[in-house]
Amino acid sequence: MDGFIAIGLLLLFMIIGVPVAWSFAGVLAFLVYAYDANLNTLMMQGYRSLDSVILIALPLFVLTGYLMQSGGIAKRLVDFIEVMIGKRRGGMGASMVVASGIFGAIAGTATAAVASIGTIMIGPLEQRGYPRGYSSALLGISSLLGILIPPSITMILFAVVTRQSVAACFAASVGPALLLIIGLIAANRFSVGRFFDEINNAASAGMDKAPSKGRAAIRAFPALSLPIIILGGIYGGIFTPTEAAAVAVFAAMLIGFFIYKDLTIPTFSRSVVSAAETTGTVILILLFSFMIGRILAMERIPQDLTQLVGSMIENPLMILIAVNIFLIIAGMIMDDVSVTVVVAPLFMPLMVESGVHPVHFASIVACSVVIGANSPPVAPILYMACRIGQVSIHRTVMPALALMGFVGIPVMLITTFVPELSLFLPRWLGFV
C-alpha cells in the first residue's frame, strides 16, 4: 500500500508545482521512512546504476540540440524544407512537421525542437494565414517526434531503466514516428482546405524571395548530413549510440563554427551551460528514481500491481488499453523523463506477462508521452509551444486536442495493437 501512496504523492507534487527532481526526492524520503530502508545502501546502488557508458550519450545529445539551435543548423534545415514543400497547400504546416522530425533525428529532445523550430516558423506561418493557436498546437505535437525518431533521449532512458538494447529501442520507434508524420501532414492539409481558406490565398506569400531548390539544398547539405552520419553509423555498426552522440557534438561544432559561422565562443559557452543544467536535472531525477525503484522492487510493488490488474482485468487487450490510459494520464501530469523512469519499469512485468515484447512496450510508452505531454493540466510541451508562439493556452487547447484525437491517439492504438509496426525494424536489423 505504501508503494501506491508514494506514486500518489509523486503525482500530487507534480500537480502543485514542486520541481520534478525534488518531487522525486520527497517520494524517496517517504519510502525510506515507510520501509526503514538503508539510505547509504540505496545511495551506493543508485550511483552504480548511474555509472553507465550509455548515459554518457545523454549530455552529448542534449548539447547537440543546443548547438544546432545556436549554430544556424536548425535555420538551414527549415529553409530547405520550406523551399521544397512550402508552396503546396498546407506546405508551411507540413514543413514544420518535417523540420521537427529531422531535428528530432539529430537532437533527440522535444524541448529543443520547440525552441528552435518554433522561433523560426511561427511568425512566417502567421504571415501566411495560419492562426497562432493552431500553429502552436501543431508545433507542440510535432516536436514530440524528437522522442520517437532516433536518437531519442527518452528511449535511452527507457533502455537504461528496463535493461534493454538502446539500438533496439531506437529502431522500434521509427515506424510509429513515420506514421505520426504522415498523420500530421494529412490532418494539416485537411485543416487548411476545410477551415483556413485564407492560407490558400497566402500560400505563396514570401516564397518569391526564397532561394532556389538547388541553392537551398547546398546550404542545408551540412545540416542534412548530421542525421545520416548519426543513424547510419549506429545501424551500420560503425559506432555505438554513445559514440554517435560524441560524433554529433563534434559535427555540430564543426558546422556551426567553420561552415555556417553562426556559432561563436559566447553562444557556444551558453549552449554548454544550458546543456549542463538540463543534464543535471535529468541525472538527479534518474538517481532518485533508481533508488525509488530499488525500494519498490524489494517490496514487490510491480508484482503486486501485476496481480491486482490481472485479477481485475483478464482480457490482454483490455489490459493494454488500461495501461495506455494510465500512461496518457501520467503524461498529462509528469514530463516524459518522469513517465519513462518511473511508470515504464513499474508496468514492465505486467506487459511481459501479457505477452508484450519489452521493445514493443518502448514504442507504446513513447506514443503515450506524445499525447500526455500536450494534454492539460500540466502539458509541459504544449505550454512551452504557447510561450514560443506568444499565444494563450486557451487558443491552443482545442486545436491540440483535435490533432491528438484524430492523429495522436489512432497512432498510439495502431502501435499498441500492431506489434510488427514496432518490431519489424529491430528484427530486420538483428537487435531482437
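The sections below set out a description of the structure shown in this document. (Residues numbered from 1 in each chain as written. Predicted model: local features only at pLDDT ≥ 70, side-chain atom pairs only at ≥ 80, totals over all residues. Heavy atoms only, no water.)

Let's talk about the overall build of the protein chain
Here is the rule: Helix and strand labels come from DSSP, where a helix needs a run of H or I of at least four residues and a strand needs a run of E of at least two; each type is numbered from the N terminus. Pairs of residues are marked as contacts when any of their non-hydrogen atoms sit within 4.5 Å.
Within the protein chain, the regular secondary structure consists of 23 helices and zero strands. Put simply, of all contacts in the protein chain between residues at least 6 apart along the chain, 79% involve residues at least 24 apart.

Here we look at the packing of aromatic side chains
Test applied: Think of it this way: a Phe, Tyr or Trp ring, Trp meaning its six-membered ring, pairs with another when their centres are within 6.5 Å, and the plane angle makes it stacked under 30 degrees, edge-to-face over 60, tilted otherwise.
Applying the stated criterion to the full structure yields six aromatic pairs. Of the aromatic side chains, those joined through ring pairs into one cluster are F257, F258 and F268.

Side note on the pattern of salt bridges
Cut-off, in case you're wondering: What makes a salt bridge here is a side-chain nitrogen of Lys or Arg within 4 Å of a carboxyl oxygen of Asp or Glu, nothing more. A 1.4 Å probe rolled over the protein chains alone gives each residue an accessible area, and that area as a share of the maximum for its type sets the label: buried under 20%, exposed over 50%, partly exposed in between.
Tallied over the entire structure, the rule returns three salt bridges. The salt bridge involving D262 is made with R76; its shortest N-O contact spans 2.5 Å. Taken together, the residues span a long stretch of sequence, with D262 in the loop between α15 (241-259) and α16 (265-298) and R76 in helix α5 (residues 73-85) at a distance of 186 residues. Classification of D262 as partly exposed rests on a relative accessible area of 32%. Of the charged contacts, one joins R427 and E420 as a salt bridge, the two residues approaching to 2.4 Å between their closest N and O atoms. Given the relative accessible area of 42%, E420 is considered partly exposed.

As for the environment of L67
One can find L67 in helix α4 (residues 57-70). Overall, L67 belongs to the buried group, its relative accessible area being 0%. With 188 residues separating them along the chain, L67 and I255 place their C-alpha atoms 9.6 Å apart. Once residues within four sequence positions are removed from consideration, L67 is found in contact with V249, A252, M253, L263, F268 and S271.

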